[in-house]
Amino acid sequence: MKKILLAISILLPGYIFANASTTLEGGFKLGPALILLSILILFVVVGIVFRAKDTNDFFAAGRKISKVGSGMAIASNWMSAASFLGMAALMYGSGYHGLAYVIGWTGGYVLLLVLMAGQIRKYGKYTAADFIGDRFYSKTLRISGAIVAILISIAYCVGQFGGIGLLFKWILGIDYAVAVMVGGAVVLSYTLISGMLGVTKNMQIQYIIIIISFLIPLFILSFKYDYFWLLPQIGYGSIVTDIVTGIPAPEMVNMVNSFGHDFAITPSPEYAMPWDPSSGQTFFQFMAITFSLMVGTAGLPHVIQRFYVVPKVRDARWSVVWGLFFICILYWSAPVYSALGTILSANPEVGKLSKDAIVVYTAQLGNINPLIVGLLAAGGVSAAFSTVSGLLVAGASAFSHDLYVKVINPSCSPKRQLAMARWATVLMAIIVTLIALMKLALIGQLVAVAFSLAGCTIFPLFLLGIWWSGSNRKGATWGLIVGGMVSLIAITYFVAGKFNLILPAHEFMNYWLGAWYFAWIGAPLAILTNIIVSKFTEETPVEIRKFLVENVHS
């Protein structure tokens, strides 16, 4: 029975695209290209059907998304190229050390559920900067919040555009730079048309594509290589054991990868050592990454903005619960790809593979039907698109709503505001494309920079703004300055290193203020500064404290 099922899954349509199955890089792949084209047309059509008709639709989806629908949108928005491709890439490159990203990203949502989701919706604003400006009664802080939100959105988008470029390159066989520009143009087109309303509807569809495309190859691979295929996530432990203890080639004579290499690997005990010296990673780095990703999750503007699209406060909390459930399905599965990819690519003749594409390569090396591999790649594109669209809307909202309307031109018409949001979306897409072409780091690492920036700046303002009425304008201002300075120093050292510029004490700074985890010190310092300054300056106005008690905490 097993052989019959394998024969059907591999041979039926496989003969049509036989050459593609062993081509890891380059070359146009007809089947995957047709699948990709189909889903792109679907996204554009959904964007047109649910296009934004006014600013309420563009910024908050008309506040009419259900809690389950919002949960699917949260999961889709969250499961970016960093989750779909980057998580497996990090674990493929560093073994159990990559679990810090899984724990941090998931734990951040628990933090959101417990501390913020309901309260953010009760406050009833459109954007993160809207909340900051209103809660701390400061136009300067509103402007600062909007600029930070735009910077975070750009940093986050860069990693996604990198993922889009990799997958378009793999499917279409075109140059990486061209692939980034083509993919970016497509996601920009339907974001411009649909705004938050169409983006949210698309995210629900994208979630289904993402999860189906991610799980099907995993079942086939586990079945083919004799692991617990009914629930591959359970079989993950056996795969890791095989990596640690090694698989002698003679024991697996009937199992080979797509190149005909034995399913074998020499013992690699360091794979299961998250902070062993032999892995080059430390306990401090593991904990710092986990903490930074947790607080960063609770400070990301495009995540916070999702709580404004549901009609009720209760729906905001339940949407996080649903989102966590949907996210866990993928997060539980990504490590399996990294472990199988480690074994299948162990033979030196496979050559050096791009870590960021290891999910697709694993399916290819497992000799899965090319159409299913194509579906997997299309799922990766969907993951990147869903996050990019949410980020572009968040960044455009920060510019048009918080900067243009609230500061530059308060008397502008809704039509003019919508036009400014769309121009801001185009400008952001151009900036992101230019940075993505530089290939500064792995997708997951680039995204982690955005998390640390959010953890040092927006998270402290929301945490204290919601839960401590004593936090005032001056405390928030100095807290933001301290968090911003820590971020600036860490990012400066990171960028300088990428261009081979050696700054003073670079080794010390790169270790203790690593670009992926500088929020471990930046967030506590920003919170502490906010509290100390607030204690020694004028009290928060009575109307703000009264609003928090009666409307947010009741």
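Every chain is numbered on its own, with residues counted from 1 as its sequence reads. Note on the predicted model: pLDDT of at least 70 is required for a residue's local features to be given, and 80 or more for side-chain atom pairs to be given and counted; whole-chain, interface and lining totals, by contrast, use all residues. Only hydrogens and water are set aside when side-chain values are computed; all heavy atoms of the structure are taken into account.

## With respect to the overall build of the chain
Along the backbone of the chain there are 23 helices and zero strands. When the 554 residues of the chain are sorted by exposure, 59% land in the buried category. Across the chain, every contact between residues at least 6 apart in sequence was considered, and the portion connecting residues at least 24 apart equals 84%. Helix and strand labels come from DSSP, where a helix needs a run of H or I of at least four residues and a strand needs a run of E of at least two; each type is numbered from the N terminus. Residue exposure (1.4 Å probe, protein chains only): buried if accessible area is under 20% of the type maximum, exposed if over 50%, otherwise partly exposed. A contact between two residues is defined here by any heavy atoms of the two lying within 4.5 Å.

## Notes on the packing of helix 9 (residues 139-172) against helix 19 (residues 443-467)
At a minimum axis distance of 8 Å, the contact between helix 9 and helix 19 shows a crossing angle of 170°. Between helix 9 and helix 19, the angle is such that the two are roughly antiparallel. The residues of helix 19 that touch helix 9, namely those facing Val148, Ala149, Leu151, Ile152, Ala155, Tyr156, Val158, Gly159, Gln160, Gly162, Gly163 and Leu166, are Ile443, Leu446, Val447, Ala450, Phe451, Leu453, Ala454, Thr457 and Ile458. To get an axis, fit a line to the C-alpha atoms, keeping to the stretch in contact for a helix; angles then go from 0 to 180 degrees between the N-to-C directions. Every angle not falling under 35 degrees, over 145, or within 65 to 115 is termed oblique; those three ranges are roughly parallel, roughly antiparallel and roughly perpendicular.

## Quick notes on a nonpolar patch on the surface
Exposure above 30% relative accessible area and no salt bridge define the residues that can form patches, which grow by joining like charges within 9 Å and nonpolar side chains of Val, Leu, Ile, Met, Phe, Trp and Tyr within 5 Å. Exposure was quantified through the Shrake-Rupley algorithm and a 1.4 Å probe, taking into account, for residues, occlusion by the shown protein chains and nothing else. For salt bridges, the criterion is a side-chain nitrogen of Lys or Arg within 4 Å of an Asp or Glu carboxyl oxygen. Together, Phe219, Phe228, Trp229, Leu230, Leu231, Ile234 and Trp332 give the surface a local cluster of nonpolar side chains, amounting to about 690 Å² of exposed area. Inspection of the secondary structure puts Trp229 in the loop between helix 10 (176-224) and helix 11 (232-245).

## So, the packing of aromatic side chains
Each Phe, Tyr or Trp ring (for Trp, its six-membered ring) is paired with any other whose centre lies within 6.5 Å, and the angle between the two planes then decides the class: stacked below 30 degrees, edge-to-face above 60, tilted in between. Applying the stated rule across the entire model yields 20 aromatic pairs. Between Phe284 and Tyr517, the ring centres sit 5.8 Å apart and the planes meet at 90°, which makes this aromatic pair edge-to-face. Residue Phe284 is located in helix 12 (residues 283-297), and its partner Tyr517 is located in the loop between helix 21 (506-512) and helix 22 (519-535); the two are separated by 233 residues in the primary sequence. Between Tyr511 and Trp512, the ring centres sit 5.0 Å apart and the planes meet at 90°, which makes this aromatic pair edge-to-face. Members of the aromatic cluster, each reached through a chain of ring pairs, are Phe284, Phe508, Tyr511, Trp512, Tyr517 and Trp520.

## Concerning the nonpolar core
Trp105, Met116, Phe385 and Phe462 are the most contacted members of the largest nonpolar core, which totals 160 residues. The element best represented in this core is helix 9, accounting for 18 residues. Excluding its chain neighbours within four sequence positions, the residues that come into contact with Phe462 are Met116, Ile120, Ala128, Phe131, Ile132 and Ile304. What is meant by a nonpolar core is a set of buried Ala, Val, Leu, Ile, Met, Phe, Trp, Tyr and Cys residues, joined one to another through side-chain atoms within 4.5 Å.

## Here we look at the pattern of salt bridges
It is possible for side chains of opposite charge to pair when their charged atoms get near one another. Inspection of every chain in the model, using the stated rule, returns two salt bridges. For Arg142, the salt bridge is made with Asp130, and the minimal N-O distance between the two is 2.7 Å. A residue pair is termed long-range when its members are at least 10 positions apart, and Arg142 in helix 9 and Asp130 in helix 8 (residues 128-135) qualify at 12 residues. As far as the burial class goes, Arg142 and Asp130 line up, both buried. A salt bridge links Glu539 to Arg545, with the nearest nitrogen and oxygen atoms 3.4 Å apart. With relative accessibility at 61%, the residue Glu539 sits in the exposed group. Residue classification places Arg545 among the partly exposed positions, given a relative accessible area of 27%.

## Some details on helix 23 (residues 542-552)
Turning to helix 23, its buried residues number three or more, namely Ile544, Leu548 and Val552. Looking down the long axis of helix 23, one finds its buried residues gathered within 40° of arc, a one-sided arrangement. Among the exposed residues of helix 23, those pointing more than 90 degrees away from its buried face are Val542, Glu543 and Val549. Looking at the buried positions of helix 23, the neighbouring elements they touch are helix 7 (117-123), helix 8 and helix 19. This arc corresponds to the set of directions leading from the helix axis out to the C-beta atoms.

## Here we look at unusual backbone geometry
Positive phi outside glycine occurs at Asn367, with the angle close to 60°. Backbone geometry places Asn500, a non-glycine residue, at a positive phi of 60°. Relative to the assigned elements, Asn500 resides in the loop between helix 20 (473-498) and helix 21.

## Re the layout of surface pockets
Only protein atoms enter the 1 Å grid used here. Points where a 1.4 Å probe fits but cannot escape make up a cavity, open sets with protein on both sides within 12 Å along at least five of seven lines make up a pocket, and a residue lines them when an atom lies within 4 Å of a point. Grid points are joined across faces, edges and corners, and a volume is the space filled by probe spheres set on the points. Counted as a void, the largest pocket has a volume near 660 Å³. If you go around the largest pocket, you meet 26 residues; those closest to its centre are Leu151, Ala155, Val449, Leu453 and Ile491. Elements supplying a minimum of two residues to the lining of the largest pocket: helix 9, helix 19 and helix 20. Under the scheme applied, nonpolar residues are Ala, Val, Leu, Ile, Met, Phe, Trp, Tyr, Cys and Pro; charged residues are Asp, Glu, Lys and Arg; polar residues are all the others, including Gly. For the lining of the largest pocket, the residue count by class is 20 nonpolar, six polar and no charged. Surrounding the second largest pocket, 23 residues form its lining, Gln281, Gln285, Gln445, Trp516 and Tyr517 being those nearest its centre. For the lining of the second largest pocket, the residue count by class is 13 nonpolar, nine polar and one charged.

## Here we look at the side chain of Ser471
Looking at the secondary structure, you find Ser471 in the loop between helix 19 and helix 20. If near-sequence neighbours (up to four positions away) are discounted, Ser471 is found in contact with Arg135, Phe136, Leu464, Asn530, Ser534 and Thr540.

## Focus: the confidence of the model for the chain
The pLDDT averaged across the chain works out to 81; a share of 86% of its residues lies at or above 70. Within a predicted model, pLDDT stands for the predictor's per-residue confidence, ranging from 0 to 100. Averaged pLDDT values over the elements of the chain bottom out at 44 in helix 1 (residues 2-11) and peak at 96 in helix 22. Across residues 1-23 the pLDDT falls below 50, and counting only partners more than four positions away or on other chains, this stretch makes 31 contacts in the model.

## As for the environment of Phe284
Residue classification places Phe284 among the buried positions, given a relative accessible area of 18%. For the pair formed by Phe284 and Trp512, sequence separation is 228 residues and the distance between their alpha carbons is 8.9 Å. Those residues within four positions of Phe284 in sequence are excluded, and the remaining contacts are Tyr511, Trp512, Tyr517 and Trp520.

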